[in-house]
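# Coordinate inspection notes
What follows is each chain in one-letter form.
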Amino acid sequence: MKIGIDLGGTKIEVMAITESGEEIFRKRVPTPQHDYQATLQAIKGLVDDAEEAVGKTCTVGLGIPGTLSPVSGLVKNANSVWLNGQPLDKDLGQLLNREVRIANDANCLAVSEAVDGSGAGKHMVFGVIIGTGCGGGIAIDGHVHVGGNGVAGEWGHNPLPWQSETDTKHAEDIPCYCGKPGCLEVFISGTGFWKDFELTTNQTLRGPEIIQMAEKGDADAEACIQRYEDRLARALASVVNVIDPDVIVLGGGMSNVERLYTNVPKRMAKWVLGGECATPVVKAKYGDSSGVRGAAWLW
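Here the structure is a predicted model, which is why all the values come from computation and not from measurement. (Residues numbered from 1 in each chain as written. Predicted model: local features only at pLDDT ≥ 70, side-chain atom pairs only at ≥ 80, totals over all residues. Heavy atoms only, no water.)

## A word on the pattern of salt bridges
If you walk through the whole model with that rule in mind, you get 21 salt bridges. Between Glu-19 and Lys-2 there is a salt bridge, with its nearest N and O atoms 3.6 Å apart. Of the two residues, Glu-19 sits in the loop between strand E2 (11-17) and strand E3 (23-30) while Lys-2 sits in strand E1 (residues 2-7), which places them 17 residues apart along the sequence. On the accessibility criterion, Glu-19 (55% relative accessible area) is exposed. Classification of Lys-2 as buried rests on a relative accessible area of 7%. (Salt bridge = Lys/Arg side-chain N within 4 Å of Asp/Glu carboxyl O. Helix = DSSP H or I, 4+ residues; strand = E, 2+ residues; numbered from the N terminus. Buried < 20%, exposed > 50% of the residue type's maximum accessible area, 1.4 Å probe, protein only.)

## Section: the pairing of strand E8 (residues 124-130)
Counting buried residues along E8, 6 of its 7 residues qualify, which places the element largely inside the surrounding structure. Direction of pairing for E8 relative to strand E9 (residues 134-140): antiparallel, over a ladder of 7 bridges. In the strand pairing of E9, Ile-130 is matched with Cys-134. Hairpin remark: E8 followed by E9, antiparallel, with 3 residues in the connecting loop. As paired strands, E8 and strand E11 (residues 247-251) are joined by 5 bridges and run parallel to one another. In the sheet register, Val-125 faces E11, and the bridge partner there is Val-247. (Pairing = 2+ DSSP bridges.)

## Some words on the sheet that holds strand E12 (residues 281-283)
A sheet is described by the order of its strands in space; here 5 strands give the open sequence E10-E9-E8-E11-E12, paired in mixed fashion. The sheet is open, and its two edges are formed by strand E10 (143-144) and E12, each paired on a single side. Its contacts with the sheet place helix H3 (residues 105-116) against E8, E9, E10 and E11, and it is angled at close to 45° to E9. Seen against the sheet, helix H8 (residues 219-243) touches E8, E9, E11 and E12 and runs at an angle of roughly 150° to E8. (Contact = heavy atoms within 4.5 Å. Axes fitted to C-alpha atoms, helices over the stretch in contact; angles between N-to-C directions.)

## Quick word on helix H4 (residues 165-173)
What H4 keeps buried is the set Asp-167, His-170 and Ala-171. The arc that holds the buried residues of H4, viewed along the axis, is 95°, so those residues lie on one side. Set apart from the buried face of H4 by more than 90 degrees, the exposed residues are Glu-165 and Glu-172. Each element contacted by the buried residues of H4 is listed here: helix H5 (185-188), helix H6 (190-201) and H8. (Arc of directions from axis to C-beta.)

Right, here's the structure in full:
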């Protein structure tokens, strides 16, 4: 039996699965905000609940919105900032009395989809999270590719390529929390999507509302989605130009916009070297569960 935990900014989810991937137990609790020790105890409580439910001691994998530094062994780049600078794997290992494997949440998505999801059987899977933020991860033959600095696949804090004047203005109006200008996160996250609509219309709506308006023929909403599709296509084309994955799998809230899977691949070819692109762009099979399943598959 394997336990996976997805440590998010607002919720912590645990799942216990069998060796064949069958879900046996699942539970969610709110994430203690800005409290590292309380976060550790919440995770321990979920592991205890899962093991009581399945009647066995299990391996534990954890997905986090950041990464462990290969240099210091401490968490870095987490937007749940109270995790940064902490030896999370060691502290959890002591608390649970076993080794805990930790990976970036987008890497967990990539692993989940590579093992038995939409990228099953593919050599290299690039996993994308386009939700509140924007993350990316790489799985090679079903295993996480971390990289020497622990940031392989972290495309969200690279700049949007081939920026137009409109893009440049967007980046100036919406600075990224990381402090660098023009990051992909401010354009192609779900947050970037609704903020783009707000910038151009002075209306504050969330993504699903904007999508519904477009489906009803609203010109401003349709224009917003088309800008989003073009930006996502450029962003993904830059990934193809560097690592040329066998498949790109989308997760996060924006991955539920079905038209992306038709329109974005058509737009990508223009930006890929040579003017052609056959890379499939597909939806994560396990949706919101991909991260927690991938954490379990770290073992």
